Amino acid sequence: MESSQNLISTILRNPKTITSTYLAKQFHAQILKIKGTFHSDNSIVLSIYSNLNHLHDSLRVFDSLQSPPALAWKSIIRCYTFHGLSVQSIASFNEMRALGINPDKHVFPSALKACVLLKDLRLGESVHGCIIRLGLDFDLYTGNALMNMYSKFQGLGKSCKNDLSAKKMLDRFTEKRGNAKRQSYLFRCVGSNGEIVPGELEGKGTMQFFVSNVEREADGSLILNHNHSCKSENNYEGQFFGINYHVKGDVDVDFLSHAKQSNVVMAGMDTVKIDSVRKVFKMMPIKDLVSWNTVIVGHAQNGMYEEALTMVREMGNANFKPDTFTLSSILPIFAEHADIIKGKEIHSYAIRHGFDADVFIGSSLIDMYAKCTQVEYSLHVFNLLPKRDAISWNSIIAGCVQNGHFDQGLCFFRQMLKEKVKPMPVSFSSIIPTCAHLTTLSLGKQLHGYIIRIGFDDNKFIASALVDMYAKCGNVKMAKHIFDKIETHDIVSYTAIIMGCALHGHALDAVSLFEKMLADGVEPTFVSFVAVLTACCHAGLVNEAWKYFNCMAWDFGIAPGLEHYAAVADLLGRVGKLEEAYDFISGMKAPPPTGSVWSTLLAACRVHKHVELAEKVVEKLLIIDPENMGAYILMSNIYSAAHRWKDAAKLRIQMRTKGMKKTPACSWIEVRNSVHCFMAGDESHPDYDKINQALNVLLEQMEKDGYAADTDQVLHDVEEDQKRFLLHTHSERLAIAYGIISTPAGTTIRVIKNIRVCVDCHTAIKFIAKIVGREIIVRDNSRFHHFRNGDCSCGDFW
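The model shown is predicted, which means the values in this text are computed figures rather than measured ones.

A. Molecular detail of the packing of aromatic side chains. Per the stated rule, a full pass over the model turns up 23 aromatic pairs. Ring centres of Phe281 and Trp292 lie 4.9 Å apart, and the angle between their planes is 75 degrees; this geometry places the pair in the edge-to-face category. One end of the pair, Phe281, is in helix α11 (residues 275-283); the other, Trp292, is in helix α12 (residues 289-301), with eleven residues separating them in the sequence. Of the two residues, Phe281 and Trp292, both sit in the buried class. Linked through ring pairs, Phe413, Phe428, Tyr450 and Phe456 together constitute an aromatic cluster. For Arg388, the ring lying beneath its charged end belongs to Phe382, and the centroid distance is 4.3 Å. If you follow Lys616 out to its NZ or CZ, it ends over the ring of Tyr582, 4.6 Å from the centre.

Right under this line is the structure:
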């Protein structure tokens, strides 16, 4: 018995010796056995449970305390915050103060973290005011927590609205503790008399305060009784969320003495200035490495890169050496600015100090080199890491994908799974785009199935990536299905589905979704305007396109970029308004027109056979971009279509002189998880004889149904029979014929082509789709074409 008491005494003097749940419960049992249920040492038992983050056990012990001391309140507040129960944490903080127990430096870091989780800046400032009044603003750990809070609020910016489920905030926090039942409510109240605290608020004041000891009168209204040193002689009455209330006695108020608040209840939070972080940092008499890292990260996270780097230099002058956290915080700065020289300097510093083996530094270096388009360095860093975690794997996968190394990214993803590293949501956000770029629908479906099996299908970022993948792989129906299942649509998911509809010819759906996005209060971005203008372009919606183009700057302050100008110019060219398109492009000042913008008009001149304007356009284009091979090819084709064979030959000679080679037309089709590639006139495929036979049978039936080859599409000076043969063996027809003979009847055929589908092939595929009774989806370099029952989704407008 005596030895047990000695052991208990030893543990009570140093509770941190207990590091496991089993030991904690054994110690608790001994306390109950020897000293009884209501012994004061239970507060130390509570702190042990809290340190182990056992909320249920902590609450059970806390409820057994008749008059919880400061240690007990600190423990329960910390435990609530750790588990994300921020309302309960702040309510306990308020109740602790209402009982006359002043929080110490160990309580405020948890309370400040709870304010961040609640996204309530005003509440955080109130806690800061309490810290100042208690003279704890010079404490090192409290100062670090304050800086962390303000930097997090700055990062949240305008998205951090103070509407965080107001009803949830107002939900009653009720706990039975012993025989007493305490209730706490969180309110923002508008006083009928604005003079809440004389001299500190002007006009009709809105204040936030916490209420305890709630009574309910016969009429159902609440009586909110308060005790606090901040006096007010007034009683306040009103209605809040349908609850009648009046306040009796002294009002419990926490706010900075200089603060003036709006009279709008639950108003949106203003953006916090990083000055708050700097002021707290500057006033701290003692600073440690955490202090420096917090202020550096605060600047870095808010785009103040020069200031962050300045603080790193000041940190060195104060005899603090950057650690792994410092380095991993500033490396993204060089990634953002693609400053590989400074990035390499940090890499050298990390090697000299032995930090290069750290997975966080390694991941940051991989990311930095990848964003500087130096993937080979990213691979080198990754291969040298002695230990790889999920973050380093995600970094190398994302780095490969972002730089167009899609196959390599897939290989790393497979290798990560083989090494039993569990993918994170960001892993799928990185790898799913590879399926979209490689248009491997079968692989995308496999990834989708895996995502569902591990329960990530509810993640809105993954869902948005899946919407984009399915749309780009030709299955817009599935893309819409996934979009409809997303609980809350954000700008990413809206942009993905709008662009998907645009590429598949569902222009009216795209415009409707864009309008719904605006109605939902989701503010459009640069990319979302590209999506809706693309939809207008592919459907000839001129008036709608002008409306959206003009409202970008007028209504949303977004300056049109090259992509927007190109979309409008392309649209004007497609509908035959070539002169208007020419004037539109010529009038571009900021940004000035590029070769790609002029190329859209040159392509339109080819479609509409406007040779004279094409010559003016190509002259402008080659001044800007003399090595633009597309300009030579398009102009050569325009001359050939006009039977100006000599002019076309001159351009081809110039191309050969410059060493330019035309990219051959290619088409791909995926059959039984294998991708088959075809080129025009290609006879190398093992099943070419079967393919050719199928094409001949189809051609015979097509001609019976009224098909006649449009030989004007053959831009070679050869005989008519040769022209018909050349059309007959275009790459997309070979791919489609192979799909027909290699898949069961009724199967959708999906073909990808690297250049635009010609007019004759477009006509021929409509006939083929009707003859074989299948849907044929062809994706060219402009859009998707869905051929079904003799029609195409583009309405012959592409």
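B. Examining unusual backbone geometry more closely. Here the residue pair Ala590 and Pro591 is connected by a cis peptide bond, since its omega of 0 degrees sits within 30 degrees of zero. As for its position among the elements, Pro591 is in the loop between α29 (578-586) and α30 (595-607). Positive phi values are uncommon outside glycine, yet Thr373 reaches one of about 60 degrees. With respect to the helices and strands, Thr373 occurs in the loop between α16 (359-371) and α17 (375-384). Residue His643 is not a glycine yet carries a positive backbone phi of 60 degrees. With respect to the helices and strands, the residue His643 is situated in the loop between α32 (629-641) and α33 (645-657).

C. Local environment of the side chain of His489. Relative to the assigned elements, His489 resides in the loop between α23 (476-485) and α24 (491-503). In this structure His489 comes out as buried when scored by relative accessible area, which is 19%. Separated by 2.7 Å, the side chain of His489 and the backbone oxygen of Phe483 make a polar contact. A polar contact of 3.4 Å, which involves the side chain of His489, links it to the backbone oxygen of Ile486.

D. Examining the pattern of salt bridges more closely. A full pass over the atoms with the stated rule returns 16 salt bridges. Of the charged contacts in the structure, one is a salt bridge between Asp57 and Lys25, with a shortest N-O distance of 3.2 Å. Taken together, the positions of Asp57 in helix α4 (residues 55-63) and Lys25 in helix α2 (residues 21-35) put the pair 32 residues apart, joining distant regions of the chain. Of the residues examined, Asp57 reaches a relative accessible area of 9% and is grouped as buried. Each of Lys25, Asp57 and Arg60 takes part in one network of salt bridges that share partners.

E. Representation of the sheet that holds strand β13 (residues 791-792) in the model. Sheet architecture is open: six strands sit in the order β9-β8-β10-β11-β12-β13, paired in mixed fashion. With partners counted over all chains shown, the strands left at the sheet margins are β9 (674-679) and β13, one partner each. Both strand β8 (residues 666-671) and strand β10 (residues 749-753) contribute to a ladder of three bridges, which runs antiparallel. Each residue of the ladder has a partner; that of Trp668, found in β10, is Ile752. Contacts from helix α36 (residues 731-742) reach β8, β9, β10 and β11 (776-779) within the one sheet, and its direction differs from that of β8 by about 15 degrees.

F. Fine view of the pairing of β11. Here four bridges tie β10 to β11, and the two strands are oriented parallel to one another. Along β11, the bridge assignment pairs Ile749 with Ile776. One crossover worth recording links β10 to the parallel β11 by way of helix α37 (residues 759-772), and it is right-handed. Bridge analysis of β11 against strand β12 (residues 784-788) gives four bridges, and the strand direction is antiparallel. Counterpart to Ile777 in the pairing with β12 is His786. Linking two consecutive strands that pair antiparallel, namely β11 and β12, is a turn of four residues.

G. Highlighting the nonpolar core. Formed by 184 residues in total, the largest nonpolar core has its most connected members in Phe428, Ile432, Ile498, Tyr548, Leu601 and Leu602. In contact with Leu601, not counting residues within four places along its chain, are Leu578, Ala581, Tyr582, Ile585 and Val617. Of all hydrophobic cores here, the second largest spans 30 residues; its members include Cys758, Ala769, Phe787 and Cys794.

H. Focus on a nonpolar patch on the surface. On the surface, Phe360, Ile391, Met424 and Val426 cluster together to form a nonpolar patch covering roughly 330 Å² of accessible area. When you line up the elements, Met424 lands in the loop between α19 (406-418) and α20 (425-438). For Met424, a relative accessible area of 31% corresponds to the partly exposed category.

I. Expanded view of the environment of Asp682. Counting through the fold element by element, Asp682 comes out in the loop between β9 and α34 (688-704). According to the relative accessible area criterion, Asp682 is buried, its value standing at 15%. For the pair Asp682 and Thr729, spaced 47 residues apart in sequence, the C-alpha separation works out to 7.7 Å. A distance of 2.6 Å separates a polar atom in the side chain of Asp682 from a polar atom in the side chain of Ser684.

J. Up close: the pairing of β12. With respect to burial, β12 is a largely interior element, four of its five residues being buried. Examined bridge by bridge, β12 and β13 share two bridges and lie antiparallel to one another. Looking at β13, one finds that Arg788 is bridged to Asp791. Adjacent in sequence and paired antiparallel, β12 and β13 are bridged by two residues, among which Asn789 carries a positive phi angle near 55 degrees.

Thresholds applied
Residues numbered from 1 in each chain as written. Predicted model: local features only at pLDDT ≥ 70, side-chain atom pairs only at ≥ 80, totals over all residues. Heavy atoms only, no water. Phe/Tyr/Trp six-rings, centres within 6.5 Å; stacked < 30°, edge-to-face > 60°. Helix = DSSP H or I, 4+ residues; strand = E, 2+ residues; numbered from the N terminus. Buried < 20%, exposed > 50% of the residue type's maximum accessible area, 1.4 Å probe, protein only. Lys NZ or Arg CZ within 6 Å of the ring centre and 35° of its normal. Polar contact = N/O pair within 3.5 Å; in protein donor to acceptor, adjacent residues only side chain to side chain. Salt bridge = Lys/Arg side-chain N within 4 Å of Asp/Glu carboxyl O. Pairing = 2+ DSSP bridges. Contact = heavy atoms within 4.5 Å. Axes fitted to C-alpha atoms, helices over the stretch in contact; angles between N-to-C directions. Right-handed = clockwise from strand over helix to strand, strands pointing away. Core = buried A, V, L, I, M, F, W, Y, C linked by side-chain atoms within 4.5 Å. Patch = residues over 30% accessible without salt bridge, like charges linked within 9 Å, V, L, I, M, F, W, Y side chains within 5 Å. Areas by Shrake-Rupley, 256 points an atom, 1.4 Å probe, with all protein chains shown as cover.

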